[in-house]
Amino acid sequence: MLIGARTHDFGNQEELSFGEKLALIKRCGYETIQLAPAKALPEIKDIHSVSPRHIEAIRADLEKAALPVSVLGCYIEPSLSDQQARLRNVETFCQYLRYAKALGTQIVGTETTHFPMPDNQQREVAYRNLKDSVKRMAEVAEKEDVYIGLEPVAEHTMNDPEITRRLLDEVQSQKVRVILDPANLILAEQVDRQEEIFQQAQAFLGEQVVALHVKNFVVKDGEKQMVPLQEGVIDFTTIGAWVKDQKLDLPILRENSLRASDRADIALMKQLFTET
């Protein structure tokens, strides 16, 4: 089990080169990364502009830093109502799937389109769009022998463990799995229900989880505000015990990392998820 971070949390593209970011990540004590090329490398505007030269350069920097890629991050909108726009997003994701192994990973991750409205009929339409997108993506994932990591987010189309389980059952692909982010499952007004929601996540999704995202927040004026892990309202005890009890070998990826608290955050993640 490796403790990692997102490369694009370590300075913007103009401040540091990719190699410099990797060196900083390594010095902070992280052991692996989530890589979103279009956010981490200034010369890459989107995945369609990636060339064999880019792949070779990225691999060289990763090897020099001794940092493997656990997840290839792909930020798409797979639930859009505009079919042409949605299918363009699907093709972008499929291109990430085709490049995943060349970049040393077998997981490409995405969320599922912002959808805050409570209207169940509209959500069902968005869900059908999502399912169509994921089925198309799964065909490519199966061909490339790479996993899709879908992340449920409370404000998105796939907003809770139950609908995530439904999607997995209806798509029926061994290459469609889950990236679990406990903080993303909780709305600001649901902090008191987090234990119940985390237990649902374990029951519905446990065996399908391929990576864990870790961040924490406080609620200020009704909004989430990210903070160091040990200072927030999320209690990781249940998730940590589940990871240890099941002896899961997952990448544990810190999101929204802060330089001032990296060392303390890494120590806490090891305590929560790896130490017996």
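As a reminder, the structure under discussion sits directly above these lines.
Here is a short report on the structure shown in this document. (Residues numbered from 1 in each chain as written. Predicted model: local features only at pLDDT ≥ 70, side-chain atom pairs only at ≥ 80, totals over all residues. Heavy atoms only, no water.)

1. Examining the side chain of T32
Move 1: Among the structural elements, T32 can be located in strand 2 (residues 32-35).
Move 2: Only 2.8 Å separates the side chain of T32 from the backbone oxygen of P68, close enough to count as a polar contact.
Move 3: Sequence-distant contacts of T32, defined by excluding residues within four places in its chain, comprise L2, I3, G4, A5, L67, P68, V69, S70 and L253. (Helix = DSSP H or I, 4+ residues; strand = E, 2+ residues; numbered from the N terminus. Polar contact = N/O pair within 3.5 Å; in protein donor to acceptor, adjacent residues only side chain to side chain. Contact = heavy atoms within 4.5 Å.)

2. What to know about helix 3 (residues 52-65)
Move 1: The end-to-end C-alpha distance of helix 3, which contains 14 residues, comes to 20 Å, matching closely the 20 Å that a straight helix rising 1.5 Å per residue would cover.
Move 2: The set of residues buried in helix 3 consists of H54, I55, I58, L62 and A65. Along helix 3, the residues classed as buried sweep out an arc of 100° about the axis, all on the same side. Pointing more than 90 degrees away from the buried face of helix 3 are the exposed residues P52, R53, E56, E63 and K64.
Move 3: Tucked into the core, helix 3 has its buried residues touching helix 1 (18-28), strand 2, strand 3 (69-73) and helix 4 (83-100).
Move 4: Two residues or fewer after helix 3 comes A66, characterised by a positive phi angle close to 55°. (Expected span 1.5 Å × (residues − 1). Buried < 20%, exposed > 50% of the residue type's maximum accessible area, 1.4 Å probe, protein only. Arc of directions from axis to C-beta.)

3. Some thoughts on the packing of helix 1 against helix 3
Move 1: Where helix 1 contacts helix 3, the two axes come as close as 9 Å, and the packing angle between them is 25°. Taken together, helix 1 and helix 3 sit at an angle that is classed as roughly parallel. You can see that helix 1 and helix 3 cross each other, and the crossing is right-handed. Packed against helix 1, whose contacting residues are F18, G19, L22 and K26, the element helix 3 presents I58, D61, L62 and A65 at the interface.
Move 2: Its residues assigned to classes, the contact of helix 1 with helix 3 shows five nonpolar, one polar and two charged. (Axes fitted to C-alpha atoms, helices over the stretch in contact; angles between N-to-C directions. Parallel < 35°, antiparallel > 145°, perpendicular 65-115°, else oblique. Left-handed = near helix turned anticlockwise from the far one by under 90°. Nonpolar A, V, L, I, M, F, W, Y, C, P; charged D, E, K, R; others polar.)

4. Thoughts on the pattern of salt bridges
Move 1: Here the structure, examined in full by the defined rule, presents 17 salt bridges.
Move 2: Here R6 ties to D9 by a salt bridge, and the two come within 2.9 Å at their closest N and O atoms. Each member of the pair R6 and D9 is classed as buried.
Move 3: Here R86 ties to D132 by a salt bridge, and the two come within 2.8 Å at their closest N and O atoms. (Salt bridge = Lys/Arg side-chain N within 4 Å of Asp/Glu carboxyl O.)

5. Observations concerning the packing of aromatic side chains
Aromatic ring pairs: the centre-centre distance and the angle between the two ring planes describe each pair.
Move 1: Tallying each qualifying case throughout the model produces one aromatic pair.
Move 2: With a centroid separation of 6.0 Å and an interplanar angle of 85°, the aromatic rings of F10 and Y30 are classed as edge-to-face. Taken together, the residues F10 in the loop between strand 1 (3-6) and helix 1 and Y30 in the loop between helix 1 and strand 2 connect sequence positions 20 residues apart. When sorted by exposure, F10 lands in the same class as Y30, which is buried.
Move 3: Cation over ring: K39 sits above Y75, and NZ or CZ is 4.3 Å from the ring centre. (Phe/Tyr/Trp six-rings, centres within 6.5 Å; stacked < 30°, edge-to-face > 60°. Lys NZ or Arg CZ within 6 Å of the ring centre and 35° of its normal.)

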